[in-house]
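What follows is each chain in one-letter form.
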Amino acid sequence: VEKRPFKMGAAAHLLHIQSVYSELRQRYKGYPLQWNKILRTEETKTRFKYIKGETLENLLDQLLKANKIEEVCIWIRKYFDCFQSGQVMKFCSMTEEFEEVFGSLHEDEIRMLSGMETLPITDIDCIFGNALVQKRGFEIMDYEWTFHFPIPFLYVEWRCIHYYLNYREDRK
């Protein structure tokens, strides 16, 4: 499996993926959360290991079809708990990087975020369709949208559930 930049000027994005891969592996070492292995990064492409498995999204779909709502909730909580293993920080202030990605917030929104749990490094695209269920836990296939500034983990949880519920007609 390969990722290639759409424009050659975006090649730095490939180096970003390599960098966060190393950091994420170190951050979650010993936890039931793995990151799809990068086999090689070049200027024009990054090659990943091909991995097999069922996505968490597909597993949740099967459970919903069987009307096993409680099991759906258990799997979702199990998944979210993996990310919050280890170092958790508190959101205390806006950063330039946050504003660059999410835009500026009003004072009352900043107060609302204050004290929420954040992680030292956050993959905001760890949606259920990007997570394979493995014997040892979960393996994340896509982590290019990973950032080094405080992002409330509640946003990541909301985003996972939002994409799961709203991007297929049969789940609405």
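Nothing here was measured: the structure is a model prediction, and the numbers come from that model.

Asks: Quick rundown of the overall build of the chain? Include the residues and the values.
Replies: In terms of regular secondary structure, the chain is built from six helices and 11 strands. In terms of overall dimensions, the chain has C-alpha extents of about 45 × 45 × 35 Å along its principal axes. The 172 residues of the chain split such that 40% are buried. Within the chain, counting contacts between residues at least 6 apart in sequence, those at least 24 apart form 72% of the total. In the form shown here, the chain has an accessible surface area of approximately 10,200 Å², with 53% of it arising from carbon and sulfur atoms. For the chain, the separation between the mean place of its 24 positive charges and that of its 26 negative charges on side chains is 10 Å.

Asks: An account of the sheet that holds strand β2 (residues 33-35) is needed here, citing residue identities and associated values.
Replies: Taking strand neighbours across the sheet as the criterion, the four strands line up as β2-β10-β9-β5 in an open arrangement whose pairing is mixed. In this open sheet, the two edge strands, each paired with only one partner strand, are β2 and β5 (54-55). Of the pairings in the sheet, the one linking β5 to strand β9 (residues 131-134) comprises two bridges and is antiparallel in character. Looking at β9, one finds that Thr55 is bridged to Leu132. In the packing of helix α3 (residues 69-83) onto the sheet, contacts are made with β2, β9 and β10 (137-140), and the angle to β10 comes to roughly 65°.

Asks: An account of the packing of aromatic side chains is requested, with residue identities and associated values reported.
Replies: Across all of its chains, the model carries 23 aromatic pairs by this definition. Note on Tyr79 and Phe128: the rings are 5.8 Å apart at their centroids and 70° apart in plane angle, and the pair reads as edge-to-face. Of this pair, Tyr79 sits in helix α3 while Phe128 sits in the loop between β8 (122-123) and β9, and the two are 49 residues apart along the sequence. The class for Tyr79 is buried, based on a relative accessible area of 0%. Taking relative accessible area as the criterion, Phe128 reaches 2% and is therefore assigned buried.

How each quantity is defined
Residues numbered from 1 in each chain as written. Predicted model: local features only at pLDDT ≥ 70, side-chain atom pairs only at ≥ 80, totals over all residues. Heavy atoms only, no water. Helix = DSSP H or I, 4+ residues; strand = E, 2+ residues; numbered from the N terminus. Buried < 20%, exposed > 50% of the residue type's maximum accessible area, 1.4 Å probe, protein only. Contact = heavy atoms within 4.5 Å. Areas by Shrake-Rupley, 256 points an atom, 1.4 Å probe, with all protein chains shown as cover. Lys, Arg positive; Asp, Glu negative; His and termini not counted. Charge placed at Lys NZ, Arg CZ, Asp CG, Glu CD. Pairing = 2+ DSSP bridges. Axes fitted to C-alpha atoms, helices over the stretch in contact; angles between N-to-C directions. Phe/Tyr/Trp six-rings, centres within 6.5 Å; stacked < 30°, edge-to-face > 60°.

Honestly, it's all geometry; don't read function into it.
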